[in-house]
Structure formats: C-alpha cells, structure tokens
Amino acid sequence: MTTADASVARPTTTALPRKKIRWGEQIVHLVLFVAAAISVLTTVGIVLSLVLPALDFFREVSPVDFFTGTTWAPLFLDAKFGVVPLVVGTFVISFWSALVAFPLGLGVAIYLSEYAPPRATSFLKPILEILAAIPTVVLGYFALTFVTPFLRDQLNVQVEIFNALSASLVLGVMLIPTVATLSEDAMAAVPRELRDGGYALGADKLQVSTKIVVPAAISGIIAAFVLAFSRAVGETMIVLIAAGQLAQITFDPRETIETITAFIGATGNGDVPTGSIEYKTIFAVGLTLFVITLVMNLISIRLVRKYREVYE
Amino acid sequence: MSAVAAPGSIAGGKPRRLWRNRIFKLGMLGCMFVAFGTLAVLLIDTLVTGWPALSKQLLTGLPSTVAEEAGARPAILATLYLGALVLFFSVPVGVLTAIYLEEYANRERWWNRMIEVNIQNLAAVPAIVYGILGLAFIVRGIGVGRVVLAGGLILTLVVLPTVVVASREAIRAVPDSIRQGAFALGATKWQVVWRQVLPASIPGIATGSILALSRAVGETAPLIMVGAITYVAFNPTLFGPYTALPVQIYNWTKQPDVDFQTLAAAGAIILLVIVLSMNAVAIFLRNRYRKQW
C-alpha cells in the first residue's frame with residue numbers, strides 16, 4: 001500500500017519542482033500596482049485638499065449658517081456665508097440643461113440604436129464625438145455672444161446679459177453626446193431575442209423601441225441621466241462666462257445667477273491670499289460640490305453595473 | 001395623428017400606426033438635428049466672427065491691452081507644452097494602470113475593486129475640483145508655484161481616468177487565445193503582456209490617448225485655479241509663469257471691448273483647429289486599425 005502511494009505521488013513532485021520566484025516578474029507586478037495606486041492617491045489628495053481647509057473654514061463660520069444661510073456675500077466687508085443661493089443657482093442650471101439633454105439625448109440614442117442604418121451610424125457617431133469635444137470655454141463664449149442676443153432679438157425673450165437660460169441651453173446641448181452614448185450602450189446590451197419576441201407578437205418598431213428596448217435598458221438610461229446631471233452640476237466655464245456672478249435665489253432662468261463652480265472659478269482666478277477667509281471659502285464650497293457630484297456618480301456607477309449584470 | 005379610430009379598430013389601425021411610427025422617427029431625427037444644428041451654428045458663428053482677427057499677429061504676437069496689437073504666441077506655446085506634459089505623464093501611468101487592472105489584478109481582492117470604482121468616480125469628478133487640488137497641493141502645498149509643470153500635472157490627473165478606461169478596453173479586446181498561445185510556448189506573464197497583448201492594443205490605446213489629450217488641451221477651469229495668469233509677455237518655460245490658450249480666450253471674453261470679443265473668437269478658431277484635428281486623427285486611427293480577431 002505504501003509503495004503504491006509513493007509511486008503515485010513521486011512523478012508529480014519530480015516533474016514539477018518548487019516554483020522558482022522570478023524577481024523580474026515580481027518587480028513588474030509591483031510597478032503596475034504602484035501606477036494603479038496613483039489614482040487612489042489622487043482621490044485621497046482631493047479629499048484632503050478639500051476637507052482640511054474646509055474644517056478651518058467651519059471653525060470661523062458655523063456650518064448651520066453656511067448650509068442654511070440665504071445670503072452669499074463672502075467678499076463684502078460684512079461677509080455673509082450662506083451657500084443656499086449658490087446651490088439653488090447650480091440646480092437651476094442643471095435642471096434646465098437636463099430638460100434639454102435628457103429627451104434629446106434619449107432620442108438620439110434610440111435613433112442610433114434602433115433606426116439608423118449602419119452606414120449612417122458610422123458618420124453620425126463621429127459628429128457626436130466632435131460635439132462632445134468642443135472646449136467648454138468656446139461653448140461659454142457661444143452662449144454669451146450668440147445665444148443670449150439670439151434669445152433677446154429673434155425670440156423676444158427678456159433675458160439679462162448674463163442669464164441662466166443661455167448657459168443651460170448650451171450646456172444641455174453639450175450633454176447630449178453623454179446621454180446618447182451611454183444610453184445607446186445600454187440599449188445595445190438588450191438581447192435581440194427581446195426585440196424579436198416583440199415583433200413576433202405583432203408590435204411595430206415604435207412599440208418595440210419604447211415598450212421593450214427602453215424599459216429593458218432603463219437602469220443604464222437612468223445612469224446616463226444621473227451622470228449627465230452630475231456633469232451639469234460640475235460644469236464651470238459655460239456658467240462662469242454666460243450665467244454671471246450674482247448669487248441670488250431665483251428660479252427664473254432669465255435672470256443672472258451664480259453657481260458653485262462659477263464662484264470657485266471667479267474667486268480662484270484672483271490672487272486670494274492663502275489663509276484668508278476668502279481662500280478657505282473656496283474649499284468649503286468645493287467640498288459641497290464634490291460631495292454632491294460624488295453621490296450622483298456612485299449612483300450612476302451602481303446603475304450601470306446593474307444592467308451589465310442582467311444582460312452580459 | 002391622422003385617422004381618429006377607436007382603439008382596436010382594424011380599419012383605422014393601420015394608417016394610424018403608420019403615422020405614429022413616422023412621427024416618432026421624425027421626432028428622433030429632430031433630436032439629431034438640434035444637436036448637429038447647434039454644432040454647425042457654433043462652428044460657423046465662431047468662424048465668421050473670428051476670421052477678421054485671425055492674423056499672423058495673433059499667432060506670433062505677444063498679448064497686449066490694445067486689441068489690434070494683441071497676440072497669443074505665449075498662450076499657444078504654453079498649450080503645446082501642456083499637451084506634451086500630459087502625454088508624457090498620462091500615457092505611461094494610464095497604460096500601466098490598465099495593464100494592472102486587466103491582466104494582473106485579482107478581482108476577489110477588495111483593494112482592486114476599490115481601485116476600479118475609484119477610477120470610475122474620478123472620471124466624473126468636476127474638472128474644477130482638480131483645480132482646487134492643484135491650488136492646495138501643487139501650487140501652494142509643495143510650493144512649485146504657478147508654473148507650466150503644475151498645470152501639466154493637474155491636467156494629467158484630469159484626463160488620467162480617460163486614458164485608463166480606453167486602454168483597458170483596448171487590452172480587453174485582445175482575445176485570450178493569443179495569451180494562451182504565448183503561455184503555451186513558455187512565455188512569462190510579463191512577456192505575454194509586453195510582446196503580445198500590448199502591441200495588439202496599441203491602436204486602441206493611441207486613440208484613447210489622443211482623445212484624452214484633446215480634452216486636456218481644451219480644459220480651462222483647472223488652469224484658472226492653478227494660476228495660468230492673464231498677462232504673459234514672454235515665451236513660457238517649464239518652471240515659469242504662463243497662460244494657456246483656453247485661459248487667454250476666457251480673458252478676452254471678459255473684456256467689454258468688442259474688439260476683444262472678436263479676438264476671443266479668433267482664439268477659439270485656433271483652439272478648435274487644434275482640438276478637432278486631434279479628434280480627427282483619433283477617429284481615423286480607430287477606423288484604420290479596427291481589428292477583427
């Protein structure tokens with residue numbers, strides 16, 4: 001019995017000697033890991049660079065005043081640090097741009113995914129990419145010097161020179177590629193059998209698109225919406241140039257407003273002395289912005305994972 | 001909506017269905033039209049407004065408070081430097097990260113999953129937040145100051161997730177049979193990656209890197225934060241003050257004088273030419289080297 005055991009075991013032990021450690025391979029592995037860790041360090045850096053000065057800020061200004069105050073005048077002699085007007089301004093911009101980007105982006109996605117012939121797709125997609133690639137400073141300039149006069153003179157909309165409406169419209173168009181590409185990815189992941197099943201039951205293309213494909217891809221589409229909204233919240237140049245810097249609580253998009261990002265851009269631009277309350281304000285407001293977008297991004301990431309799990 | 005037929009009526013059903021489908025398709029074409037129409041109007045408007053100011057003076061001159069004499073040479077040069085820095089830093093780090101995540105990382109481990117989610121999230125962090133990071137850490141923290149290098153580092157961080165995501169997709173597209181073939185011939189893991197996987201994914205990586213570069217070159221907000229200052233009357237150096245082309249355009253936009261608005265449009269034309277030609281190269285590369293395994 002023992003000899004039989006030994007004869008079975010021996011060939012494996014002699015054929016496969018102890019694995020030699022290849023130091024070169026180990027070093028490569030380590031180098032790769034370090035490269036990947038840089039992204040984590042970036043996040044840590046962002047969090048630290050926001051939180052530390054923000055804590056300093058909250059030592060001087062009470063968080064309650066900051067988050068509930070309705071007057072934003074940090075650079076005045078009698079400084080007021082109520083962030084509500086900035087948050088309202090940010091959401092007004094995001095709301096109106098979402099109103100443009102969601103339906104239009106979804107329409108483009110349905111067209112590309114369900115209707116467009118392959119040859120059309122092959123040149124429509126690059127055009128969408130070009131739209132997505134236009135630098136935001138150029139879009140801001142366009143909103144200020146073309147869209148605002150156009151609204152005033154051609155459409156007779158009484159807008160201020162700096163107004164939320166122009167910025168939102170241009171921002172909305174800028175977000176169409178984001179919504180369209182991500183939604184189309186989700187629709188492309190819907191299995192063909194679902195569509196064929198619909199057709200077999202006598203549904204037409206409209207019904208298959210709106211009652212089968214869109215519902216089946218809904219988590220991906222919502223992820224696209226959430227991500228686009230988050231990008232609208234974080235967009236700086238268009239609102240800085242076209243929407244103005246007047247922090248006020250108004251829901252009328254024709255008026256001048258100020259968003260969180262516009263405040264950061266306008267204040268960071270000047271030579272604010274390090275350690276001053278103005279300097280710290282940038283970080284407290286930036287932290288608010290980071291938290292808002294972080295929550296939305298995590299929701300979006302989770303939703304994308306959900307549809308991937310269902311169909312792939 | 002043409003025929004008003006009772007629901008389920010066979011006689012009225014067919015044309016109504018037809019019309020509903022036509023209107024729906026038209027609506028979607030309308031969506032495309034709004035997107036592309038705006039793009040066309042934007043390009044034409046910028047071109048028409050900026051054309052008169054597009055001169056040799058603008059390309060080679062120094063900034064000035066007089067619109068007729070103003071040029072953007074320091075800004076254009078700085079933008080080219082920034083682009084070079086972004087490529088230099090972001091491609092190696094981005095590709096190595098992608099290789100790690102695709103080829104080496106064990107997804108059972110929590111830290112590898114964390115790296116993944118972290119990169120997805122970084123891709124969606126507003127660019128201006130990177131600007132705050134740059135202001136706190138690079139410019140004031142380690143005291144590099146408002147120099148080209150600081151701007152290049154911040155833009156690298158902004159586009160790094162884009163490079164990583166594109167490189168991962170390119171690496172993932174290489175079929176496993178290639179790897180197994182190489183392993184069967186006795187290659188080590190790194191030999192497989194370096195000699196088989198990476199060469200096969202270069203077109204995808206190049207496309208993604210160029211797209212990331214084009215985004216970095218057009219990025220304004222973070223540069224404002226790390227102090228690309230308004231008035232620079234000399235050529236930039238790596239460790240010197242600078243202004244970049246998008247920041248220059250922004251500053252011209254802020255001037256009330258209409259001549260400066262024209263200059264802003266002319267600057268926008270230069271920026272658009274740089275950015276869109278990069279995109280064209282990327283799209284060309286992707287179509288040219290699209291590999292069917």
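What you see as residue numbers is a count from 1 along each chain, following the sequence as written. Chains and ligands are labelled by the order in which they are written, letters from A for the one and numbers from 1 for the other. This being a predicted model, a pLDDT of at least 70 is required before a residue's local features are given, and a value of 80 or more before pairs of side-chain atoms are given or counted; all residues contribute to the totals for chains, interfaces and linings.

Visitor: Explain the packing of helix α6 (residues 148–172) of chain B against helix α8 (residues 189–218) of chain B here, please?
Guide: Each pair of packed helices can be described by the angle between their axes along with the distance between the axes. All names here are of chain B. Inter-axis angles, ranging from 0 to 180 degrees, are taken between N-to-C directions of lines fitted to C-alpha atoms, where helices are fitted over the stretch in contact. Helix and strand definitions here come from DSSP, where helices need a minimum of 4 consecutive H or I residues and strands a minimum of 2 consecutive E residues; each element is numbered from the N-terminal end. Where α6 meets α8, the closest approach of the two axes is 8 Å, and the angle between their N-to-C directions is 150 degrees. Taken as axis vectors, α6 and α8 run roughly antiparallel relative to one another. Handedness of the crossing formed by α6 with α8: right-handed. Between α6 and α8, the contacting residues are Leu155, Val158, Val159, Thr162, Val163, Ala166, Ser167, Glu169, Ala170 and Ile171 on the first element and Val197, Ser201, Gly204, Ile205, Thr207, Gly208, Ser209, Leu211, Ala212, Arg215 and Ala216 on the second. Gly falls in the polar group here, along with every residue not listed as nonpolar (Ala, Val, Leu, Ile, Met, Phe, Trp, Tyr, Cys, Pro) or charged (Asp, Glu, Lys, Arg). Split by residue class, the contact of α6 with α8 holds 12 nonpolar, seven polar and two charged. When describing relative orientation, an angle under 35 degrees is termed roughly parallel and one over 145 degrees roughly antiparallel, while 65 to 115 degrees is termed roughly perpendicular and anything else oblique. For a crossing to be left-handed, the near helix must be turned anticlockwise from the far one by less than a right angle; the clockwise case is right-handed. Contacts here follow a simple rule: the backbone-placed C-beta atoms of the two residues must lie within 7 Å.

Visitor: Can you walk me through the domain arrangement of chain A in this structure?
Guide: For an interface, size is often stated in terms of accessible area lost upon the parts coming together. Residue and element names in this part refer to chain A. Domain segmentation is taken from an automatic or database assignment of domains. Taken as a whole, chain A is organised into domain 1 (2–60) and domain 2 (72–311). Using C-alpha coordinates to define each centre, domain 1 is positioned 38 Å away from domain 2. Counting from both sides, the interface comprises nine residues of domain 1 and, opposite them, eight residues of domain 2. Taken together, the residues of the side of domain 1 that touches domain 2 break down into seven nonpolar, no polar and two charged.

Visitor: How should the environment of A:Ile93 be read in this particular structure?
Guide: Residues and elements named next belong to chain A. Considering the arrangement of structural elements, one finds Ile93 in helix α4 (residues 84–115). Backbone-placed C-beta atoms define the burial measure: a residue is buried with 20 or more other C-beta atoms within 10 Å of its own, exposed with 12 or fewer, and partly exposed in between. Judged by local crowding, Ile93 falls into the buried class, with 30 C-beta atoms found within 10 Å. The sequence separation of Ile93 and Val31 amounts to 62 residues, and the corresponding C-alpha distance is 44 Å.

Visitor: Would you mind showing me how to read the interface of chain A and chain B here?
Guide: Between chain A and chain B, the contact holds 70 residues from the first and 69 residues from the second. If you tally residues by element for the side of chain A that touches chain B, the top one is helix α2 (residues 23–60) of chain A, at 19 residues.

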